[in-house]
Every structure is written in structure tokens, then in C-alpha cells.
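Understanding the architecture of this molecule
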Amino acid sequence: MPSTAVTHLNPDKLAARDYGVDAPSSSYQRMMAYAEHGKSHVAEPSSPSGYETQLRNRPTQPRIPPRRSPQVSDRSAERMAYDGVIPVQTHLLQSNKFADLGSAKRIWVVGSIHGDLSRIQTIHDELFKLIQPGDRLIYLGNMIGMSNYVGETIDELLAFRRALLAKPAMMPNDIVYLRGGQEEMWSKLLQIQFSPNPRHVVDWMYKAGAAKTVQSYHVKPEQGEAAARDGVMALTRWTTLLRANIKARPGHEAFYTSLKRAAYTKLNAELGLPAMLFVNAGIDTSKPLVNQGDNFWWGGANWGSIHKPYGPFRKMIRGYDPAHGGALMTMHTLTIDGGCGFGGALQAACLTAVGDVIDIVEA
């Protein structure tokens, strides 16, 4: 069957785009075998159909096979060491809205997926071979929306998480999911009965991609439009139906409630390791991190104007670019968004503890 190709781009050419095909397609056979092996290391994840059954029944959307490019050597920590930055606020460390990545050996980041099941399956097949003990994996938001395969995409994310946790030394906190614009809209849509202008809000959210998410949970989008015209009681019944359908998909409700606003690494001046911040789309550098609010998912317009560290953070990484311009790095920022969901590729990147990009995977 046709498949989606995975490419390893040269991190020294982050602005370059390359969509050729040059390698055989991959499969989840090794993951399934490791899931069996992992039974001797960890408890089998609970699932109505069982993990292996879930993998066996993965939706058959067209897939894309792998391509590779040369690896790039690590830059030494000393070249990235810096002084004079303030520590991360104590109240930030105590907040469950932000993910502390701890002492990560390497950090893998995945850009906006937008429900593209085929591409995230291909990226997962490649990442499963590459992720090592001590690594972290961050999905930078916008995992849903724009696709009829949103439900299956969440299933895929949860299945891959279980597969990684079957590896020795992998821990639950090693895998982080950030809230993006699509997830924020979805959260607000499930409370639409409280909106003072639900018809306008529903129309805007649908045009921005939420209609596909509604449809993926087996609810007709036009039912929401009709409920918005009929009033609060009709909207309440409609959102109750949506919530029931979410609960009917194992793990989905917990997934949505687990989303973080941002993730970060802390400064370690002794080792010369900089603090890094991971967000969905942007930040307002004039505001403290805890006061960013919607800037995390709607504040991408000023990303190009970030030319200095933001508080303790020497480098900021995002997974959604409104212009879908592909992977791009400046002195203090990194964007990983190949335009997945808008006709472009899904991108993932590997960063060292000092913020160097050593691999970019594209499907």
C-alpha cells in the first residue's frame, strides 16, 4: 500500500524543505515484539482490547516510508554555557500546568499533528528506534483538529506512550503533551453553553478545524450549530453527548485533562546547561511565564521578534507556526512545524541538553 516517507533532515539547514521518497516502509512489528518483551519489565497497560490488539487494528490510512540524511555531531556544553540569568520561579515549579523535564539527556519534540494519523504513525515508527533511556518526548500541541482521524490519532498517541513505557528506564513523566490552539478550542467547545454568543463562537471554531474533531467523535457538526440557535438547554445536551463519546474512547478523557501549558528544563550553571522553554505557538516576552494565558497558543505573531533570552530561558521551542514555514532556528528560538494538516509534512526534532538540534525527522 502507498505509504508516508520519513526523512532525516540536516539540522544545519533548518529552513530547507525536502519531501522526496527513498526508503522502504516501516511497521510496528518491532514495537509489538517489544510490548511482549516488556511484560517482564512493567505491568501490562489496562485496555479493553489489549495493547497488541489495538496495534493490530491500527487504522489503515496511506503510509509514507523513511529517508535519511547525515547525523550532526553534538556541540559541547561549554559553548552554550551562560551566566547571570534568574532562577525559575518557585511557584512555577509547584504548578501542575507546566512540565519539568528534569535532567534530560536528549529531548525529542513533535510539531503540530492536526489529526494526520498516517504521518504520526510513520514518525512514531522512526522514533521508537531512536529514543533512548534518559530521553524526553514532548508533543508541542495541536494534536487534534483539521482531520476526521482525530480519535484514531489520540489512540495512536496513547498506544505509542505504552510502547515507550515498556522500554527499560522509561518513566511516565518522560512523555509530555502540550495544549495547543486546537486543544484549547476543544476545551472551550465542551463548555459552549456558557458562551454569551455561542453561534458566533461555534462558527469560528468550526472554520478553525474543530468541526473535524466533533465529527471524529461521531457527532454531526451541524447538530452543534442547531443547538447554538436553540439555546442553553440544547447546547448542554449537545456537549453532554460529546463528553459521553469522549469517555467511551479509553484514555481520551484523561489525555485531555493531562495537557500542559508549557514544558521547561532548568538552568544548571555548574554543568553549563541552559534553561529551555517548550510551547505550542508563542509567548509574550513582556509577561511572566505564569501570566501568559492564551499567548501560548495564539501568541505566535511576535515569535520572530525574540532576539534575547526570556527570563531564565536561553532557548524557546515551539511546534506551531501560523505561516507553516518549516523548521527554522535562530539564536534563541526554534520552530518545528512543516505544515502538517495544511498540506505539509509532520516534523520532529531531537535536541541535546544544551539545545543543539542533532536530528530532524519529517514525514
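Procedures and definitions
- Residues numbered from 1 in each chain as written.
- Predicted model: local features only at pLDDT ≥ 70, side-chain atom pairs only at ≥ 80, totals over all residues.
- Heavy atoms only, no water.
- Helix = DSSP H or I, 4+ residues; strand = E, 2+ residues; numbered from the N terminus.
- Buried < 20%, exposed > 50% of the residue type's maximum accessible area, 1.4 Å probe, protein only.
- Pairing = 2+ DSSP bridges.
- Core = buried A, V, L, I, M, F, W, Y, C linked by side-chain atoms within 4.5 Å.
- Contact = heavy atoms within 4.5 Å.
- Phe/Tyr/Trp six-rings, centres within 6.5 Å; stacked < 30°, edge-to-face > 60°.
- Salt bridge = Lys/Arg side-chain N within 4 Å of Asp/Glu carboxyl O.
- Expected span 1.5 Å × (residues − 1).
- Bend = angle between axes of the 7 residues up to and from the residue.
- Axes fitted to C-alpha atoms, helices over the stretch in contact; angles between N-to-C directions.
- Parallel < 35°, antiparallel > 145°, perpendicular 65-115°, else oblique.
- Nonpolar A, V, L, I, M, F, W, Y, C, P; charged D, E, K, R; others polar.

1. Considering the environment of Ala-159
Inspection of the secondary structure puts Ala-159 in helix α5 (residues 150-165). Classification of Ala-159 by relative accessible area gives buried; the value is 3%. Sequence separation of Ala-159 and Gly-251 is 92 residues, and the distance between their C-alpha atoms is 10.0 Å.

2. Examining unusual backbone geometry
The backbone of Met-146 sits at a positive phi, close to 70 degrees, despite the residue not being glycine. Tracing the backbone through its elements, the reader meets Met-146 in the loop between β5 (135-139) and α5.

3. Description of the sheet that holds strand β9 (residues 313-318)
Spatial ordering of the open sheet is given by β3-β7-β8-β9-β11-β10, a layout of six strands whose pairing is mixed. With one partner strand each, in any of the chains shown, β3 (98-100) and β10 (328-329) form the two edges of the open sheet.

4. What about the nonpolar core?
Grouped together as the largest cluster of nonpolar side chains are 55 residues, with contacts concentrated most on Leu-137, Tyr-139, Trp-186, Leu-189 and Tyr-256. With eight residues, α5 is the largest single contributor of residues to this core. Excluding anything up to four places from it in sequence, Leu-189 contacts Val-202, Met-205, Tyr-206, Ala-210, Val-214, Trp-238 and Thr-239.

5. A look at the pairing of strand β7 (residues 262-265)
On a regular strand, one side chain projects to one face of the sheet and the next to the other, so that they alternate. Here β7 shows a buried face lined by Ala-262 and Tyr-264 and a second buried face lined by Ala-263 and Thr-265. Looking at chain direction, β3 and β7 are connected through three bridges and run parallel. Across the sheet, Asp-100 pairs through a bridge with Tyr-264, a residue of β7. Direction of pairing for β7 relative to strand β8 (residues 275-279): antiparallel, over a ladder of three bridges. In the sheet register, Thr-265 faces β8, and the bridge partner there is Met-276.

6. Quick word on the pairing of strand β13 (residues 357-362)
Counting buried residues in β13 gives six out of six residues, a clear majority hidden from the surface. In the sheet, strand β1 (residues 4-9) pairs with β13 via three bridges, with the strands oriented antiparallel. Its bridge partner lying in β13, Thr-7 is registered against Glu-362. Of the strand pairs in this sheet, strand β12 (residues 347-352) and β13 are connected by five bridges, and their pairing is antiparallel.

7. Quick look at the packing of aromatic side chains
Taken as a whole and assessed by the stated rule, the structure comprises ten aromatic pairs. With 6.1 Å between their ring centres and 70 degrees between their planes, Phe-98 and Phe-296 make a pair best called edge-to-face. Note that Phe-98 is positioned in strand β3 and Phe-296 in helix α11 (residues 295-298), a separation of 198 residues in sequence. Like Phe-98, the residue Phe-296 is buried in the burial classification. Considering the side-chain rings of Tyr-177 and Phe-255, the 4.9 Å spacing of their centres and the 70 degrees angle between planes classify their relative orientation as edge-to-face. In this pair, Tyr-177 sits in strand β6 (residues 175-177) while Phe-255 sits in helix α10 (residues 252-257), placing the two residues 78 residues apart along the sequence. Of the two residues, Tyr-177 and Phe-255, both sit in the buried class.

8. Some details on the pattern of salt bridges
What the rule picks out here adds up to ten salt bridges. Here Lys-129 ties to Glu-126 by a salt bridge, and the two come within 2.9 Å at their closest N and O atoms. Of this pair, Lys-129 and Glu-126 both sit in helix α4 (residues 117-130), three residues apart, roughly one helical turn. Classification of Glu-126 as buried rests on a relative accessible area of 1%. Because the salt bridges share partners, they merge into one network encompassing Arg-179, Glu-184 and Lys-188.

9. As for helix α7 (residues 198-216)
In an α-helix, one turn spans 3.6 residues; hence positions three or four apart end up facing the same way. For α7, which comprises 19 residues, the first-to-last C-alpha distance of 21 Å sits more than 12% below the rise-based estimate of 27 Å (1.5 Å per residue). At Lys-207, α7 is deflected by roughly 85 degrees, the largest bend along its length. Along α7, the residues classified as buried are Pro-198, Val-202, Met-205, Tyr-206, Gly-209, Ala-210, Ala-211, Thr-213, Val-214 and Ser-216. Elements in contact with the buried residues of α7: α5, α6 (181-189), α8 (221-230) and α9 (232-247). Taken from the residues just after α7, His-218 is the one with a positive phi, measuring 60 degrees.

10. Overview of the packing of α6 against α7
With their axes 10 Å apart at the nearest point, α6 and α7 run at an angle of 100 degrees to one another. Judged by the angle between their axes, α6 and α7 are roughly perpendicular. For the pair α6 and α7, the contacting residues are Gln-182, Met-185, Trp-186, Lys-188 and Leu-189 in the first and Val-202, Trp-204, Met-205, Tyr-206, Ala-208, Gly-209, Ala-210, Thr-213 and Val-214 in the second. For the contact of α6 with α7, the residue count by class is ten nonpolar, three polar and one charged.

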